[in-house]
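# Structural overview for review
Below, each chain spelled out in residue letters.
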Amino acid sequence: MKPSCPLLLMVVTSLAATNVFAAESPVFEKDVRPILKAHCWHCHGEEDQHEGKLDTRLVRFLLKGGESGPAIVVGDPKASPLMQRVASGEMPPGKKKLSLDEQDILARWIEGGAKTARPEPESLADGDTFTEEERLHWSFQPIQKHPLPAVNRPDSLRTPIDAFLLAELESHSLNFGPDADRTTFIRRLTFDLTGLPPTPADVDQFLQNDRPDAYEQLVDELLASPQYGERWGRHWLDIAGYADSDGYSQRDLERKWAYRYRDYVVRAFNTDKPWSEFLVEQLAGDELLVPPYKNLAPEQADCLTATGFLRMGPDGSGSGDVDIPVARQEVIAETIKIFSTAVLGLTVGCAQCHAHRYDPIAHADYYRLRALIEPAYDTTRWRDPNGRLISLWSETTQADAAAAEAEYQQVTKDRTAALDVIVQETFDRELAKLPEETQPLAKAARETAAKDRSEEQKQLIKEYPFLNVDRGSVYLYLPDRLTKFNKEWDAKQAEVKQKRPADDFVQCLTEIPDKVPPTKLFARGDFNQPRQDVGPGELAVLNRTGFDIPADDPALPTTGRRLAYARHLTDGKHPLTARVIVNRIWMHHFGRGLVATPGEFGALGERPSHPELLDWLAADFMEHGWQVKRLHRQIVLSMAYRQSSARRDDLDAVDPENRLLGRMSVRRIEAESLRDSLLALTGKLSDKMFGPPVAVTPDEVGQIIVGVDTRDSAGRPTGKSVGIGEDEFRRSLYIQSRRSMPLSMLEPFDAPVMSPNCEQRASSTVAPQSLLLMNSEFVVDQTEAMADRIRAEAGDDPAAQFTLAWRLAFARPPTDTERNSGTAFLTEQAATLTATTANEKKKPDPVRLALANLCHALVSANGFLYVD
């Protein structure tokens, strides 16, 4: 049959016209198989029954064909049914079709002889099989510490990092740019390591430090500051999917104790906990302890708290308004996604339903990972979020709580007895008012149960309501006495309540002892179609050493699955663990990772711009104890990091995106740094660390602000206002992170969206950012507070005021031209405001308002919003 598809004729004619076959022809394993795997295998390869009896997994299967005969005719793409159906759009079904490039590869492969790289196997094992080409993907290879390359300008090297970067630059006849000046460097470094701007005093001290190790000294001071852990802890919380609410459903229930994980992360960074320990604790901290988890020392409590990493995904299983079986399954799926992107740098979710379309990850591989956590996420013995909380009370604290509870119960009992006396006294007093002959009948009516009363007794009750006086109604007879009584007894109960220790729980992941559920492979990912059992294990393509995980380690009180895997990940031999984290740290320093897709090291991700540097950093990181702060020092003291951000024509001509790092990239400060910096400029930023999150609430127009939620049960504003004091000025890290209520101040500036985690933040420049800076009540309040600070510190001299404002915002002194124009603005603006407000009854201070206007302009400027 001759093809009539115009697109097919166009593709084939194009191939002939360009004589493309003079170049090397595509081969099946490397070029064609990935296309067929992505588009065809779901119907023609993976299932037990192949549609049309056609299997596309091997070339000889294609030649054999199916019900319609051979799928390809070697040497003739026009006559090949596979090519005809692809070009016509008939196959694959659905909206996703082969691109023109993919069709071109397929046609050239058929035309070139349908070549394979090697003889094909006689048969295929159940599930997926990997080709040598897939196994040779760069990120699956062992990490090697390559020797430092030779360079033509060794005087340009400050750290080993520079050698790799300079060698690549020199291969393009380029060099590093000049050093940034000291004011630029301290602002860059301070924002990078702490997320805050340097103070004028910080800048002056650095500029005046003439020691040869001044840069090193500054780096060490910033790494030792508590703000370092807050800044870099926030980076990890992005990828961990941290939130103070469950998400999933519209109820978005609060997670009261999630903050303990946030605090653990901050402490881990500040103490420079080795990354290997950090990972092991997060993946299996509970398995480092012996249940039941009681009387824990602080470091043991940290191990439990760390497993909050595996509890960060959305969880609707306790919501009640969702499909609970589905919600449970999605908790597990989202947890696997967070772990795989954060630790492995791979997206494995595709393999939940079938073999991964692009990476060598089998369907069974996904369930091997699931089997690691299923003993803790047993869907047949499910525990909702509150059911997973573990108390950190010691035995002493528990005894104190029991004593306080007993005392409270006794006070309550005594109050009830005292109230009963009042009730009886009231009854007796009212009874005495009745005729003497009626009193016995009335008393009998009261003492008779309502269901047993005679008609005569019911009539007495109706005539004399006091006969029913009880604890709830006695106040009607003695309102003043009962008011005094109640006050005396809430007071006593409140006093006893205060003796009870505060609740102290940790949100963590633990297993149910002696309960090991099987993990089933779900056909097409449907949990209603369980198939064979799957044991815990590593992704097959990464398991080069025959690593095996026992289903239930007899030496441990838990299964030990997660602990075995965590130690495997951190044994120094895993190809991904160290590469992924050093790439992330690099990304946060330069704005772009050596691998630009930090959560995707697979086939769909970008290849590293400097693969040998990435490997050198990963190997060196592991060799020196997985110390993150040491890695920071290597990076920020390098020639590459200390460069100016000024563009150069020769560099832009070769590398406009700055992938070669021949200059420093300009970056916008992140959402939290913007808010925190505004508070820092006012002098009001709180240095309070740790503890429960500061609440957020909608304001009267629906904007989410910092404050106590005083809405009624229907979600309507009550108009009430509750002061929160210093908490209003805490760092954004400590503001409640509600999935359904992101802080409006942060949202336009690309605050992380946890769905379920944030692999990489966007860095956008959009109109709502400017609108927020101009109109936000928060921004206006802070610029006015900044003006008050400046007047208090600089006095009434406009030149001194402008200079301090400029230094606070930009961390550098103004030039003479800038100072002169700024001083003139303050003077002229104050005069204008004086004139325009002359007739107002409540006149604002024109000098203060002019200075606030200046501050508002400065914090809206690129010089404040961006770091050179």
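Residues numbered from 1 in each chain as written. Predicted model: local features only at pLDDT ≥ 70, side-chain atom pairs only at ≥ 80, totals over all residues. Heavy atoms only, no water.

### Things to note about the overall build of the protein
Tallying secondary structure elements over the protein gives 32 helices and eight strands in all. Expressed along its principal axes, the backbone C-alpha trace of the protein runs to roughly 125 × 80 × 55 Å. Taken across its 868 residues, the protein has 50% of its residues classed as buried. For the protein, contacts bridging at least 24 residues in sequence account for 70% of all contacts bridging at least 6. When the accessible surface of the protein is totalled, it reaches about 39800 Å², and 51% of it is carbon and sulfur. Averaging the positions of the 104 positive and the 130 negative side-chain charges in the protein gives two centres separated by 2 Å. (Helix = DSSP H or I, 4+ residues; strand = E, 2+ residues; numbered from the N terminus. Buried < 20%, exposed > 50% of the residue type's maximum accessible area, 1.4 Å probe, protein only. Contact = heavy atoms within 4.5 Å. Areas by Shrake-Rupley, 256 points an atom, 1.4 Å probe, with all protein chains shown as cover. Lys, Arg positive; Asp, Glu negative; His and termini not counted. Charge placed at Lys NZ, Arg CZ, Asp CG, Glu CD.)

### Topic: the nonpolar core
Residues Trp 236, Tyr 261, Trp 275, Phe 309 and Trp 586 are the most contacted members of the largest nonpolar core, which totals 121 residues. The dominant element in this core, judged by the number of residues it contributes, is helix α15 (residues 324-344), at nine residues. Setting aside residues no more than four positions away along its own chain, Trp 236 makes contact with Tyr 261, Val 265, Phe 269, Trp 275, Phe 278, Leu 279, Gln 282, Phe 309 and Ala 342. If you look at the next biggest cluster of nonpolar residues, it comprises 40 residues, including Val 696, Leu 743, Cys 855 and Leu 858. (Core = buried A, V, L, I, M, F, W, Y, C linked by side-chain atoms within 4.5 Å.)

### Comments concerning the confidence of the model for the protein
For the protein, per-residue confidence averages 93 on the pLDDT scale, and 97% of positions sit at 70 or higher. Across residues 9-22, confidence stays below pLDDT 50; counting only partners more than four residues off in sequence or on other chains, it has 14 contacts. (pLDDT = per-residue confidence, 0-100.)

### Brief notes about unusual backbone geometry
A negative phi angle characterises most non-glycine residues, just as the trans form characterises most peptide bonds. Following Pro 291, the chain continues into Pro 292 via a peptide bond in cis, with omega recorded as 0°. When you line up the elements, Pro 292 lands in the loop between α13 (275-284) and α14 (298-306). Notably, Ser 173 is not glycine yet its phi reads approximately 60°, a positive angle. When you line up the elements, Ser 173 lands in the loop between α7 (160-170) and α8 (182-194). If you check the backbone angles, Asn 658 has positive phi at about 60° while not being a glycine.

### Focus: the packing of helix α30 (residues 816-836) against helix α31 (residues 846-859)
The description of two packed helices rests on the angle between their axes and on the distance between the axes. The contact between α30 and α31 brings their axes to 8 Å, and the two run at 130°. The pairing of α30 with α31 is recorded here as oblique in orientation. Crossing handedness for the pair α30 and α31: right-handed. Contacts from Phe 825, Leu 826, Gln 829, Ala 830, Leu 833 and Thr 834 of α30 reach α31 at Pro 846, Val 847, Leu 849, Ala 850, Leu 851, Asn 853 and Leu 854. (Axes fitted to C-alpha atoms, helices over the stretch in contact; angles between N-to-C directions. Parallel < 35°, antiparallel > 145°, perpendicular 65-115°, else oblique. Left-handed = near helix turned anticlockwise from the far one by under 90°.)

### Description of the pattern of salt bridges
In total, this model carries 60 salt bridges according to the counting rule given. Salt-bridge contacts for Asp 252 lead to Arg 738; the nearest nitrogen and oxygen are separated by 3.6 Å. Remark: Arg 738 occurs in the loop between β7 (704-706) and α27 (767-775) and Asp 252 occurs in the loop between α11 (226-240) and α12 (259-270); sequence separation between them is 486 residues. Take Asp 252 and Arg 738: they sit in the same class, and that class is buried. Each of Lys 145, Asp 620, Glu 623 and Arg 630 takes part in salt bridges that share partners, so that together they form one network. (Salt bridge = Lys/Arg side-chain N within 4 Å of Asp/Glu carboxyl O.)

### As for the side chain of Asp 359
Residue placement: Asp 359 occurs in the loop between α15 and α16 (363-373). One buried charged residue, Asp 359, forms no salt bridge at all, with the nearest opposite charge on Lys 37 at 7.4 Å. There is a polar contact of 2.6 Å between the side chain of Asp 359 and the backbone nitrogen of Ala 603. (Polar contact = N/O pair within 3.5 Å; in protein donor to acceptor, adjacent residues only side chain to side chain.)

### Digging into a negative patch on the surface
The grouping of Glu 700, Glu 728, Glu 777 and Asp 781 at the surface amounts to a negative patch. Inspection of the secondary structure assignment puts Glu 728 in the loop between β7 and α27. The class for Glu 728 is partly exposed, based on a relative accessible area of 38%. (Patch = residues over 30% accessible without salt bridge, like charges linked within 9 Å, V, L, I, M, F, W, Y side chains within 5 Å.)

### Focus on the packing of α8 against helix α9 (residues 200-208)
Axis separation between α8 and α9 bottoms out at 10 Å; the angle between their running directions is 130°. Between α8 and α9, the crossing angle belongs to the class labelled oblique. Considering the relative orientation of α8 and α9, their crossing is right-handed. Contact residues: α8 offers Arg 182, Thr 183, Phe 185 and Ile 186, while α9 offers Asp 202, Val 203, Phe 206 and Leu 207. Broken down by class, the residue content of the contact of α8 with α9 amounts to five nonpolar, one polar and two charged. (Nonpolar A, V, L, I, M, F, W, Y, C, P; charged D, E, K, R; others polar.)

### A word on the side chain of Arg 357
Here Arg 357 lies in the loop between α15 and α16. Reaching out from Arg 357, the side chain makes a polar contact with the side chain of Glu 46 at a distance of 2.8 Å. Reaching out from Arg 357, the side chain makes a polar contact with the side chain of His 354 at a distance of 3.4 Å. The contact partners of Arg 357, leaving out residues within four places of it in the chain, are Pro 34, Lys 37, Ala 38, His 42, Glu 46 and Cys 350.

### Comments concerning the environment of His 44
Residue placement: His 44 occurs in the loop between α2 (28-39) and α3 (59-64). Along the backbone, His 44 and Gly 66 are 22 residues apart, and their C-alpha atoms lie at a distance of 9.9 Å. What His 44 contacts, discounting residues up to four positions off in sequence, is His 50, Glu 51, Leu 54, Asp 55, Thr 56 and Arg 57. Only 2.9 Å separates the side chain of His 44 from the backbone oxygen of Glu 51, close enough to count as a polar contact. Looking at His 44, its side chain comes within polar contact range of the main-chain oxygen of Leu 54, at 3.2 Å.

### Points about the environment of Met 91
For Met 91, the location among the structural elements is in the loop between α4 (81-88) and α5 (100-111). As for Met 91 and His 39, which are separated by 52 residues in sequence, their C-alpha atoms are 8.7 Å apart.

### Focus: the packing of aromatic side chains
Applying the stated criterion to the full structure yields 30 aromatic pairs. Where Phe 427 meets Phe 466, the ring centres are 5.9 Å apart and the plane angle is 45°; that geometry is what we call tilted. Of this pair, Phe 427 sits in helix α17 (residues 395-432) while Phe 466 is found in the loop between α19 (455-463) and α20 (479-497), placing the two residues 39 residues apart along the sequence. The same class applies to Phe 427 as to Phe 466, namely buried. Aromatic side chains Phe 590 and Tyr 641 sit 6.0 Å apart centroid to centroid with 85° between the ring planes, which places their arrangement in the edge-to-face category. Note that Phe 590 is positioned in helix α22 (residues 577-590) and Tyr 641 in the loop between α24 (628-636) and α25 (649-654), a separation of 51 residues in sequence. (Phe/Tyr/Trp six-rings, centres within 6.5 Å; stacked < 30°, edge-to-face > 60°.)

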